[in-house]
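Observations on chain architecture
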Amino acid sequence: MNSRPRRLVRAALPVLFGPLLLLACTAGPDGEAGPGSDPAQAPAGAVAQVCDKLPPGPAEAPAGAVKIDPAVTGDLAAKTRSSPAGTTFWLAPGTHRLGDDRYDQVNPKPGSTYIGGPDAVLDGRGINQYAFSGDAADVKLQHLVVQGFAAPHDEGVVNHDSADGWVIEHSAVQDNDGAALMAGTRQQVRGNCLRRNGQYGMNAYSSGNKITGLVVEGNEITGNNTGDWEARIDGCGCTGGIKFWSVDGADVRGNWVHGNRGTGLWADTNNNDFLFEGNLIEGNDSAALVYETSYNAVIRTNTIRGNNRADGRDYVDRGDSFPVASVYISESGGEPRVPARTDKVEIAGNSFENNWNGITLWENSDRFCNSAANTSSGSCTRLVPEPGQCAQPGIAAGPLHADCRWKTQRVEVHHNRFVLDPAVAGCEEGCARMAMLANFGTFPAWSPYQGEVVQDAITFEQHNRFHHNTYAGPWTFVAFEPSRVLGFGEWQGAPYKQDEGSQFSRTGGG
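Here we summarise the structure given alongside this text.

Reading guide: rules and limits
Residues numbered from 1 in each chain as written. Predicted model: local features only at pLDDT ≥ 70, side-chain atom pairs only at ≥ 80, totals over all residues. Heavy atoms only, no water. Helix = DSSP H or I, 4+ residues; strand = E, 2+ residues; numbered from the N terminus. Rg over C-alpha atoms; globule rule 2.2 N^0.38 Å. Buried < 20%, exposed > 50% of the residue type's maximum accessible area, 1.4 Å probe, protein only. Areas by Shrake-Rupley, 256 points an atom, 1.4 Å probe, with all protein chains shown as cover. Pairing = 2+ DSSP bridges. Core = buried A, V, L, I, M, F, W, Y, C linked by side-chain atoms within 4.5 Å. Contact = heavy atoms within 4.5 Å. Salt bridge = Lys/Arg side-chain N within 4 Å of Asp/Glu carboxyl O. Polar contact = N/O pair within 3.5 Å; in protein donor to acceptor, adjacent residues only side chain to side chain. Phe/Tyr/Trp six-rings, centres within 6.5 Å; stacked < 30°, edge-to-face > 60°. Disulfide = S-S within 2.5 Å.

**Observations regarding the overall build of the chain**
Counting its regular elements, the chain contains eight helices and 37 strands. Relative to the 2.2 N^0.38 estimate, which gives 24 Å for 510 residues, the radius of gyration of the chain is 23 Å and therefore close to what a compact globule would have. In terms of overall dimensions, the chain has a C-alpha envelope of 75 × 60 × 40 Å along the principal axes. Going through the 510 residues of the chain one by one, you find that 59% of them count as buried. Only carbon and sulfur atoms are counted for the fraction: they give 51% of the accessible area of the chain, which is about 17900 Å².

Quick look at the structure:
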């Protein structure tokens with residue numbers, strides 16, 4: 001699971017209606033998105049302005065529900081044990097507590113429903129590790145505040161064991177250690193406040209990599225990674241608003257993802273068939289969105305603004321010229337042999353406003369299945385079942401030569417708007433860049449991808465295409481390798497031939 005965006009060592013036409021509510025919220029008088037807007041404040045009327053505005057739960061217990069008394073410590077867990085599957089529990093207003101052992105927790109039965117009354121809080125008091133655990137399917141949580149739990153690193157408070165079919169709605173899961181939520185197959189996460197958790201708002205990981213049909217819609221995801229885990233475990237790749245691991249099918253729509261320490265949304269290692277649509281992603285320290293060693297995604301009609309500023313400054317301060325990005329496509333691309341709603345990575349109809357940089361398409365020449373440079377340890381591509389197959393002599397030619405790499409291929413970037421004013425973004429150098437590049441392959445000694453093999457492939461051979469975009473600001477373009485910095489005319493001209501039909505203005509970024 002340990003992986004992060006790397007420096008040198010990471011379908012159809014867009015639907016331009018409905019999700020554009022987010023873009024309209026940031027629009028100025030002329031209908032264009034307002035690039036100077038304050039990323040700390042959501043625009044009036046924006047979707048997912050959820051935290052502190054959650055609708056209250058029912059003031060009385062629903063018919064047939066079991067009432068949970070906040071004055072009785074452990075009442076919730078005890079009544080769950082004594083009630084049959086399918087029971088509805090109503091948590092009366094007040095602060096509910098579990099026992100005094102760290103493993104005191106609620107183990108739902110299949111089909112259980114937990115509904116909070118107005119101001120109902122389940123508080124772990126920094127004692128209990130988990131709130132809701134076990135393998136029971138089709139559990140619902142609604143109108144509940146869950147806080148103060150001490151989940152360990154990489155573990156979660158709600159749905160700790162990644163059971164299937166859970167629905168979490170209109171709840172605040174906040175101020176916990178670890179992740180607010182884990183995820184299972186068919187999980188629906190709608191209209192929640194996931195904030196100020198120690199590691200993630202959600203860690204979408206399940207043993208066996210079996211998550212499918214995940215829906216994350218209309219949530220506010222903010223202030224997560226209070227534990228600053230990247231600083232504590234260098235290179236852990238284990239932080240951000242949400243991390244997705246080997247999820248096959250996810251819709252991530254209409255969320256407000258802001259102010260997280262690290263990346264906003266990060267899909268890492270063999271994810272497939274993702275839709276990121278109509279989200280407002282802003283003010284995150286690192287990238288807004290990372291799609292890493294994964295396949296087939298649609299990224300459309302999102303507003304992406306004010307991201308990557310902390311990360312960008314850090315790179316400049318240490319003299320690293322790598323173009324850290326607001327949307328970072330790292331060893332990921334379209335693959336028709338992996339079933340999905342698209343056979344591309346399509347980035348279309350998005351508004352990029354005053355992020356440190358724009359989009360980077362990257363492929364690490366040394367990172368492939370069975371290479372020690374593959375930080376997703378033990379993982380192979382979706383096209384090769386066993387890492388041991390990716391070895392000499394078979395990897396030197398034929399299908400293994402192609403399929404042992406996670407390829408940045410079939411990426412189409414079109415009809416996006418990129419605006420950058422260095423004064424607003426707070427940068428003097430190392431910003432306003434778009435990129436498509438790889439490193440010179442050197443490792444391991446038996447690698448068939450040494451030299452310029454991957455640099456040539458990502459730049460000229462893997463059907464990566466930018467077209468019909470609009471750029472305002474001092475944008476430059478990085479191609480082939482980090483030192484090859486191009487002007488717009490060079491980027492459009494031979495041999496790169498990118499951004500056909502696009503418009504460029506050096507001014508107008510403010």
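**A look at the pairing of strand E18 (residues 248-253)**
Summarising the sheet, strand E15 (residues 212-217) and E18 pair through five bridges and their orientation is parallel. Across the sheet, leucine 214 pairs through a bridge with alanine 250, a residue of E18. Strand direction decides the pairing type here: E18 and strand E21 (residues 272-277), joined by five bridges, are parallel. Note that in E21 the partner of aspartate 251 across the bridge is leucine 275.

**Examining the nonpolar core**
One recurring pattern in soluble globular proteins: nonpolar side chains tend to sit buried together. With 104 residues, the main nonpolar core has Phe132, Val158, Met202, Leu214 and Phe244 as its most contacted residues. Per-element tally for this core: the top contributor is strand E32 (residues 433-438), with five residues. Other than its neighbours up to four places away in sequence, methionine 202 contacts Leu181, Met182, Ala183, Gln187, Val189, Leu214, Val216, Gly241, Ile242, Lys243 and Phe244. Within the second largest apolar cluster, nine residues are counted, among which are Ala48, Val121, Ala172 and Trp256.

**What to know about unusual backbone geometry**
In the segment running from glutamine 392 into proline 393, the intervening peptide bond is cis, with an omega of 5°. Examined against the element boundaries, proline 393 turns out to sit in the loop between strand E29 (359-363) and helix H5 (398-403). In this structure, proline 495 follows alanine 494 across a cis peptide bond, with omega equal to 10°. Within the element layout of this structure, proline 495 appears in the loop between helix H8 (488-492) and strand E37 (503-505). In this structure, arginine 125 is a non-glycine residue whose phi angle is positive, near 60°. Judged by its relative accessible area of 32%, arginine 125 is partly exposed. For asparagine 308, which is not glycine, the phi torsion reads 75° and is therefore positive.

**Concerning the pattern of salt bridges**
Tallying each qualifying case throughout the model produces 24 salt bridges. Here arginine 261 makes a salt bridge to aspartate 228, at a shortest N to O gap of 3.9 Å. Note that arginine 261 is positioned in the loop between strand E19 (256-258) and strand E20 (265-268) and aspartate 228 in the loop between strand E16 (220-222) and helix H3 (229-232), a separation of 33 residues in sequence. Using a relative accessible area of 35% as the deciding quantity, one classes arginine 261 as partly exposed.

**Digging into the sheet that holds E20**
Paired through their backbone hydrogen bonds, the strands of a sheet run either parallel or antiparallel. Spatially, E8-E11-E14-E17-E20-E23-E26-E29-E32-E35-E36 is the arrangement adopted by the 11 strands of the open sheet, whose pairing is mixed. Only two strands of the sheet have a single neighbouring strand rather than two, namely strand E8 (156-158) and strand E36 (485-486). Here E20 pairs with strand E23 (residues 289-292) via four bridges, running parallel. By the bridge assignment for E23, aspartate 268 is matched with glutamate 292.

**With respect to the environment of arginine 382**
Along the chain, the position of arginine 382 falls in the loop between E29 and H5. Setting aside residues up to four positions removed in sequence, arginine 382 forms contacts with Ser246, Val247, Asp248, Asn270, Asn271, Asn272, Tyr295 and Val338. For arginine 382, the side chain forms a polar contact with the main-chain oxygen of asparagine 270, separated by 2.6 Å.

**Let's talk about the packing of aromatic side chains**
What the rule picks out here adds up to 23 aromatic pairs. Pairing phenylalanine 418 with tyrosine 471 gives two aromatic rings, centres 5.1 Å apart and planes at 10°, and the pair type is stacked. Note that phenylalanine 418 is positioned in strand E31 (residues 417-419) and tyrosine 471 in strand E34 (residues 470-472), a separation of 53 residues in sequence. The two residues phenylalanine 418 and tyrosine 471 agree in class, both being buried. Through successive ring pairs, a cluster of aromatic residues spans Phe352, Phe418, Phe466, Tyr471, Trp475, Phe477, Phe488, Trp491 and Phe504.

**Quick notes on the side chain of aspartate 403**
For aspartate 403, the location among the structural elements is in helix H5. For aspartate 403, a relative accessible area of 8% gives the class buried. If sequence neighbours within four positions are ignored, aspartate 403 has contacts with Arg337, Thr381, Leu383 and Val384.

**A word on the side chain of lysine 344**
On the secondary structure map, lysine 344 appears in the loop between strand E26 (327-330) and strand E27 (345-348). Classification of lysine 344 as buried rests on a relative accessible area of 17%. One polar contact links lysine 344 to glutamate 412, side chain to side chain, over a distance of 2.7 Å.

**What about the pairing of strand E5 (residues 120-123)?**
Burial of the side chains of E5 extends over both faces: Ala120 and Leu122 are buried on one face and Val121 and Asp123 on the other. With four bridges joining them, strand E3 (residues 94-97) and E5 adopt parallel strand pairing. Looking at E5, one finds that threonine 95 is bridged to valine 121. Note: E5 against strand E7 (residues 145-147), three bridges, orientation parallel. Bridging from a neighbouring strand, valine 121 pairs with valine 145 of E7.

**Concerning helix H7 (residues 453-461)**
Turning to H7, its buried residues number three or more, namely Val454, Gln455, Ala457, Ile458 and Thr459. Buried residues belonging to H7 abut E29, E32 and strand E35 (476-480). Positive backbone phi, approximately 60°, marks histidine 463, located one or two places after H7.

**Remarks on the state of the cysteines**
Applying the stated criterion to the full structure yields five disulfides. Across the disulfide from cysteine 51 sits cysteine 193; the S-S distance is 2.0 Å. Looking down the S-S bond of the cysteine 51 and cysteine 193 bridge, the torsion is 95°, so its handedness is right-handed. Note that cysteine 51 is positioned in the loop between helix H1 (21-25) and strand E1 (66-68) and cysteine 193 in strand E13 (residues 193-195), a separation of 142 residues in sequence. We classify cysteine 51 as buried; its relative accessible area is 9%. When its relative accessible area of 1% is taken as the criterion, cysteine 193 is described as buried. The residue that forms a disulfide with cysteine 390 is cysteine 404, at a sulfur-sulfur distance of 2.0 Å.

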